[in-house]
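Single-letter residue listing:
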Amino acid sequence: MPKQITASDLSTRIGVGEKILLVDVRQPEEYALAKIAGSTLIPLPELMSRVGEVEPEDGTSIVVYCHHGVRSVTGAAILERAGNASVFSLAGGIDAWSCQVDATVPRY
């Protein structure tokens, strides 16, 4: 089971300059509605075939997110199995990010 990270903890880590690679595994229409700045969209059904596109620099953590934190667990597990060491699933997804960190990100 992949590790989880809370929206508040992710915000703190970003705020102190920790290297984070954000991977959004939702669908393009969801990404168009709301996203975390700097994230990369790779829809979950495509992640297995596009795993090579997720190339974090040394010392970079990967945080996978979706709408409510369900699909991101699967996405994080795929990236772990591909050999990535520091992978997290965003607990509560972008909805938690909107509620706890950045209210300008629309909820849907």
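Report follows, based on the coordinates. As the structure is a computational prediction, the values presented were derived from the model and not from experiment. Every chain begins its residue count from 1, and numbering advances along the sequence as written. Thresholds applied to this predicted model are a pLDDT of at least 70 for local features of residues and 80 or more for the giving and counting of side-chain atom pairs; totals over whole chains, interfaces and linings are not thresholded and use all residues. Heavy atoms throughout the structure, all of them, feed into the side-chain values; hydrogens and water do not.

A 1.4 Å probe rolled over the protein chains alone gives each residue an accessible area, and that area as a share of the maximum for its type sets the label: buried under 20%, exposed over 50%, partly exposed in between. Put simply, DSSP marks the helices as runs of H or I at least four residues long and the strands as runs of E at least two long, and each gets a number from the N terminus on. With respect to burial, helix 5 (residues 93-100) is a largely interior element, six of its eight residues being buried. Burial in helix 5 covers these residues: Gly 93, Ile 94, Asp 95, Ala 96, Trp 97 and Ser 98. Elements in contact with the buried residues of helix 5: helix 1 (7-15), strand 4 (61-65) and strand 5 (87-90). In this analysis, two residues are considered to be in contact whenever any of their non-hydrogen atoms come within 4.5 Å of each other.

Note on disulfides: each one is a pair of cysteine sulfur atoms within 2.5 Å. Going through the model one piece at a time under the given rule, you end up with zero disulfides. Note on Cys 99: no disulfide assigned, nearest cysteine sulfur contributed by Cys 66 at a separation of 14 Å.

In this fold, Leu 41 is placed in strand 3 (residues 40-41). For the pair formed by Leu 41 and Ala 91, sequence separation is 50 residues and the distance between their alpha carbons is 18 Å. With residues near it in sequence (within four places) discarded, Leu 41 still touches Asp 24, Arg 26, Gln 27, Pro 28, Tyr 31 and Arg 50.

Our focus in this paragraph is the pairing of strand 5. Residues of strand 5 alternate between two faces, with Val 87 and Ser 89 on one and Phe 88 and Leu 90 on the opposite face, all of them buried. Only strands that DSSP links by at least two bridges are regarded as paired with each other. In the sheet, strand 1 (residues 3-5) pairs with strand 5 via three bridges, with the strands oriented parallel. Within strand 5, the position partnered with Lys 3 by the bridge is Phe 88. With three bridges connecting them, strand 4 and strand 5 associate as parallel partners. Of the residues in strand 5, the one forming a bridge with Ile 62 is Val 87.

Purely geometric stuff here, so don't read any function into it on its own.
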